[in-house]
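Listed below, chain by chain, are the residues.
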Amino acid sequence: MGKKFYMTTAIAYASGKPHIGNTYEAILADSIARFKRLQGYDVFMQTGTDEHGMKIEGKAKDKGVSPKEYVDEVAGEIKDIWDLVGTSYDKFIRTTDTYHEKQVQKIFKKLYDQGDIYKGHYEGMYCTPCESFWTPSQLVDGKCPDCGREVKPAKEEAYFLKLSNYSDKLIDYINTHPDFIQPESRKNEIMNNFLLPGLQDLCVSRTSFKWGIPVTFDEKHVVYVWIDALSNYITGIGYDADGNSSDLFSRMWPADLHLIGKDIIRFHTIYWPIMLMALGLPLPKQIFGHPWLLQGGEKMSKSKGNVIYADDLARVFGVDAVRFFVLHEMPFENDGIITWDLMTERVNSELANTLGNLVNRTISMSNKYFDGEVINACVCESVDDELKDLATSTAAKVSEKMDKLRVADAITEIFTLFKRCNKYIDETMPWALAKDESQKERLQTVLYNLIESICIGTSLLAPFLPETAEKIFSQLSTRPRTFGELSEFGKYPSGVKVTSSPEILFARKDPEEVRAIAEEIRKKQAEEYALENGIDPTEEPKEETEKKAEEIKFEGKPEVSFDDFDKLQFVVGEVLECEEVKGSKKLLCSKVKIGNEVRTILSGIKSEYSPADMVGKKVTVLANLAPRKIAGVLSEGMLICAEGPDGTLGLLTPDKDLPSGSIIG
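**A look at empty space enclosed by the protein**
Next up, step 1: Under the counting rule described, the total for this entry stands at one cavity of 30 Å³ or more.
Next up, step 2: The calculated volume of the largest cavity comes to roughly 40 Å³.
Next up, step 3: Residue lining of the largest cavity: Asp50, His52, Gly53, Glu131, Phe209, Trp211, Gly212, Val223, Tyr224, Val225 and Asp228, and that is the complete set.
Next up, step 4: Of the residues belonging to the lining of the largest cavity, the class tally is five nonpolar, three polar and three charged.

**Re helix H17 (residues 440–461)**
Next up, step 1: Its 22 residues give H17 an end-to-end C-alpha distance of 31 Å, which sits within 8% of 32 Å, the value for a rise of 1.5 Å per residue.
Next up, step 2: By the criterion of burial, H17 is predominantly enclosed, with 20 of the 22 residues buried.

**What about the nonpolar core?**
Next up, step 1: Within the largest apolar cluster, 105 residues are counted, with the highest numbers of intra-cluster contacts made by Ile20, Ile32 and Phe464.
Next up, step 2: In this view, Phe464 contacts Ser31, Phe35, Arg323, Leu327, Met402, Val407, Ala410, Ile411 and Ile414; residues no more than four positions away in its chain are not counted.

**Observations regarding the packing of helix H6 (residues 184–195) against helix H10 (residues 265–279)**
The relative placement of two packed helices is expressed as an angle between their axes plus a distance between the axes.
Next up, step 1: For the pair H6 and H10, interaxial distance at closest approach is 10 Å and the crossing angle is 65°. In the crossing of H6 with H10, the sense of the turn from one axis to the other is right-handed. Counting all contacts with H6, which are made through Arg186, Glu189, Ile190, Phe194 and Leu195, the residues of H10 involved are Ile265, Arg266, Thr269 and Ile270.
Next up, step 2: Across the contact of H6 with H10, the residue classes break down as five nonpolar, one polar and three charged.

**Comments concerning the sheet that holds strand E10 (residues 205–206)**
Next up, step 1: With antiparallel pairing, three strands are arranged side by side in an open sheet as E10-E12-E11. One side of each edge strand has no neighbouring strand; the edge strands of this open sheet are E10 and strand E11 (213–214).

**Some thoughts on the pairing of strand E14 (residues 287–290)**
Next up, step 1: Across the two faces of E14 the burial is the same, with Ile287 and Gly289 and Phe288 and His290 all buried.
Next up, step 2: Where strand E8 (residues 181–182) lies against E14, two bridges are found, and the strand directions are parallel. Each bridged residue has a counterpart across the sheet, and for Gln182 the counterpart in E14 is Phe288.
Next up, step 3: Of the pairings in the sheet, the one linking strand E13 (residues 257–261) to E14 comprises four bridges and is parallel in character. Bridge pairing in E14 places Leu259 opposite Phe288.

Calculation criteria
- Residues numbered from 1 in each chain as written.
- Predicted model: local features only at pLDDT ≥ 70, side-chain atom pairs only at ≥ 80, totals over all residues.
- Heavy atoms only, no water.
- 1 Å grid on protein atoms, 1.4 Å probe; cavity = no way out; pocket = protein on both sides within 12 Å on 5 of 7 lines; lining within 4 Å.
- Points joined across faces, edges and corners; volume = space filled by probe spheres on them.
- Nonpolar A, V, L, I, M, F, W, Y, C, P; charged D, E, K, R; others polar.
- Helix = DSSP H or I, 4+ residues; strand = E, 2+ residues; numbered from the N terminus.
- Expected span 1.5 Å × (residues − 1).
- Buried < 20%, exposed > 50% of the residue type's maximum accessible area, 1.4 Å probe, protein only.
- Core = buried A, V, L, I, M, F, W, Y, C linked by side-chain atoms within 4.5 Å.
- Contact = heavy atoms within 4.5 Å.
- Axes fitted to C-alpha atoms, helices over the stretch in contact; angles between N-to-C directions.
- Left-handed = near helix turned anticlockwise from the far one by under 90°.
- Pairing = 2+ DSSP bridges.

The values reported here are purely geometric and, on their own, carry no functional implication.
Given below as structure tokens:
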């Protein structure tokens, strides 16, 4: 058994069906866990549901059921979605599990007995959805600073956790453990906005509702959400406050990674570490606050009619296409954007074209020329070396990115290998070799090199797209590689036969058909929301209307004559090479083929595209723009982009595969 790796997600609040933004965290955690298993780690991954609180008590009342009946239904739905997207968790904990409730009561009593919890009164502005008290100075425009909703004045008797007893110790710990809070921006937020200004003691019990874990020595109080929910990370692996913890807890704690959304980073990096310090337990090694996945630049909300669910996406595109999008399109620190159109574009370009087409035509050529038998004839040429070097070095590159939790970049490295395979086909031209009997063994070698490279790439892809990897291995009549085998070229047994009927891995999607499906889903959601809230389903939410008005507002520049416009020459270009401009946060330097010439063009698109994304892309070029030096490099044209209202950039690309140099306009 390898080195241990214990990781958790935040537990999902069981108030309703999770949308794709919530589901992203489960998929992200799963990909990390699977990759660690590939590397040989003894992995334990825990996820689950947070099931207590006033909000759930209210929702259950509205539905005419008990809170337990309500959370049983919602927790089941959450678990079904986690299972649908392939989350390979080892433990799914529910905070209504009896063992968890008993340990939370023990934890609360232990902290009270040792003086870290005391009884007092809380008075402030209360946000029911967030279950949080706020002082007037903490409100933003008179509303909850976390969710922006209305707050109400409230006062009640409560127990408090003495955060002030441990704040200096926590500040010192964060300063001496630079990887504890990631990314760096989240650490700065916690230090500057909360810890350094000074902490107020934390309310840890409630009397205004009953749906919670009772405080054993004062049963009119229930344990407040943060001691209840946060404790799951230790109770789920067998922690016992009386000192009789399980072997699993002894082996796995401290956690190697808590994966959480950026909106709850404060609770996990202040309240949770202080609780652990008070319990005398070591702190988790790392807490990573990931960004949000937004629908078209906005947070998803039923009231706005812009919610996208994983099961809807999976029915249209397939589970692995959904996994690919949310893992590959999410920036490391900034929020990502998902739309039905973006999903369609990525499936068609990356999955259908780059990966699916590569596997399909390689297997098809093996069948056409050698009846499916893959032979390594070892007739090598210099063109093979670059492919082999890239194939055997990709595992190390992916590992480096995964160690830093840069999952999107790790997937880019894998697709760089697949793109290099496609380029290798163009370089070696198997169809031409097949016409010359004397080149038979060279053709066998070329196809072997492709199959071997695909096997290496697919083994690395498996943690991210497990169903797809399984299909590829089946079609190639082989097994996944161990991590140690991924730096060796030539492990595919010579003489194996690939499948005689290759399966299309990803079918191209028609954008108009997808838009029609998306509109039907939106209408159905609007009707369901209207029924739930007693409103007219044809009435568009005010917030959404205002947002649309903002998005379509257009301020034109002064008009130009046709003669002036006719002076501009727009053409199709093909990116041959691309690299980052050293010292620049925005610039990429691309070598762009336009007809029979190659130009150097700089563009400020680094926030949206990596160099690997750019290579092979067809782009729109303003070709007769006067050259000028940018960052010391002469730029000979301009790549045309669109900019969304939130600053998102998108390259304008032809929707058909036109040759470079084609005139636009």
